[in-house]
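Residues per chain, in single letters:
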Amino acid sequence: MLQVCYQKSMEQESKCTPRWQLFASALLLVLLVLSACAQHPQSVGHLRRDAWSLEEPRSLTMNFLRFDYQIVPVGNVAGVKGWAYLDTSKVPADYKWVDSLSFTAYLCEADGRVVAQDTRTFLPREARADEGVAFEFSLLPEQWGTKPLFVTFGYRVVLTPGRADTSGRQPFFASEDAMTR
């Protein structure tokens, strides 16, 4: 039987490990890495969502943002376009700068299982309730079925007191996103 041996120091005895144990350990490590990279089903069952409705203006209010949107068919893709508005009454009053902002549109089934998603990242900007952020998404599920579909949005927003803030104050972070099951 083949063995791999090493010696920690001159005073210690040599330790030997059978090659099959090293191979099994390496294989286990590879399987763990692959399972971590595998795509797990996502759910938006915890988020507010609206029933799928073509070409009808809709509004969906989340914890910190309101999404005014419309679904427009573009071939076999669902185009979702609209405006998102930050609810500045729910964030610290002196936090006036959006340092980081991203939105995700989700197409899901009634139980919240995500069947398609699209994410967009936006440039930093002033935080204003009266100035929305325009967005456009393209949602294409693997297949269009007969089950009822729903639309919801996720977001990540980081606010600071000002542009290039050096006050040392912690940023304000708000997020609503899909969860991995």
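Check the entry above for the structure.
Attention in this report is confined to the structure presented alongside it. (Residues numbered from 1 in each chain as written. Predicted model: local features only at pLDDT ≥ 70, side-chain atom pairs only at ≥ 80, totals over all residues. Heavy atoms only, no water.)

**Comments concerning the environment of Trp83**
Tracing the backbone through its elements, the reader meets Trp83 in strand β7 (residues 77–86). Residue classification places Trp83 among the partly exposed positions, given a relative accessible area of 43%. For the pair Trp83 and Tyr69, spaced 14 residues apart in sequence, the C-alpha to C-alpha distance is 6.4 Å. Not counting residues up to four positions away in its chain, the partners in contact with Trp83 are Arg66, Phe67, Asp68, Gly132, Val133, Ala134 and Phe135. (Helix = DSSP H or I, 4+ residues; strand = E, 2+ residues; numbered from the N terminus. Buried < 20%, exposed > 50% of the residue type's maximum accessible area, 1.4 Å probe, protein only. Contact = heavy atoms within 4.5 Å.)

**Overview of the pairing of strand β5 (residues 58–61)**
Consecutive residues of a regular strand have side chains that alternate between opposite faces of the sheet. The pairing of β5 with strand β6 (residues 65–74) spans four bridges and is classified as antiparallel. In the sheet register, Leu60 faces β6, and the bridge partner there is Phe67. Between the antiparallel neighbours β5 and β6 lie three residues. (Pairing = 2+ DSSP bridges.)

**Considerations on the nonpolar core**
Core analysis: the largest hydrophobic core is formed by 38 residues, its most contacted members being Phe67, Phe103, Phe135, Phe153 and Leu159. Elements that contribute at least two residues to this core include exactly β6, β7, β8 (97–109), β9 (114–122), β11 (133–139), β12 (149–160) and β13 (172–176). Looking at this core, the element that brings in the most residues is β8, giving seven residues. (Core = buried A, V, L, I, M, F, W, Y, C linked by side-chain atoms within 4.5 Å.)

**Things to note about the packing of aromatic side chains**
Inspection of the entire model under this criterion finds ten aromatic pairs. Ring centres of Phe67 and Phe103 lie 5.2 Å apart, and the angle between their planes is 80°; this geometry places the pair in the edge-to-face category. Here Phe103 lies in strand β8 and Phe67 lies in strand β6, a separation of 36 residues in the sequence. By relative accessible area, Phe103 is classed as buried at 1%. Here Phe135 and Phe137 contribute two aromatic rings whose centre-to-centre distance is 5.4 Å and whose plane-to-plane angle is 40°, an arrangement assigned as tilted. (Phe/Tyr/Trp six-rings, centres within 6.5 Å; stacked < 30°, edge-to-face > 60°.)

**Observations concerning the environment of Asp130**
Checked against the element boundaries, Asp130 lands in the loop between β10 (125–126) and β11. Residue classification places Asp130 among the exposed positions, given a relative accessible area of 57%. Within the structure, the side chain of Asp130 is placed 2.9 Å from the side chain of Arg128, a separation counted as a polar contact. (Polar contact = N/O pair within 3.5 Å; in protein donor to acceptor, adjacent residues only side chain to side chain.)

**A few points about the sheet that holds β7**
Neighbouring strands of a sheet are bound in pairs by backbone hydrogen bonds; such pairs are parallel or else antiparallel. Taken together, four strands build an open sheet; the order of strands is β5-β6-β7-β11 and the sheet is antiparallel. With one partner strand each, in any of the chains shown, β5 and β11 form the two edges of the open sheet. Strand-to-strand twist in this sheet, taken as the mean axis angle between neighbours without regard to direction, amounts to 25°. (Axes fitted to C-alpha atoms, helices over the stretch in contact; angles between N-to-C directions.)

**So, the pairing of β7**
Within β7, seven of the ten residues are buried, leaving the element largely enclosed by the surrounding structure. Note that β6 and β7 share ten bridges and pair antiparallel. When the sheet's bridge partners are listed, Arg66 is paired in β7 with Tyr85. Two elements, β7 and β11, share seven bridges in a ladder whose sense is antiparallel. Among the inter-strand pairings, Lys81 is bridged to a residue of β11, identified as Glu136.

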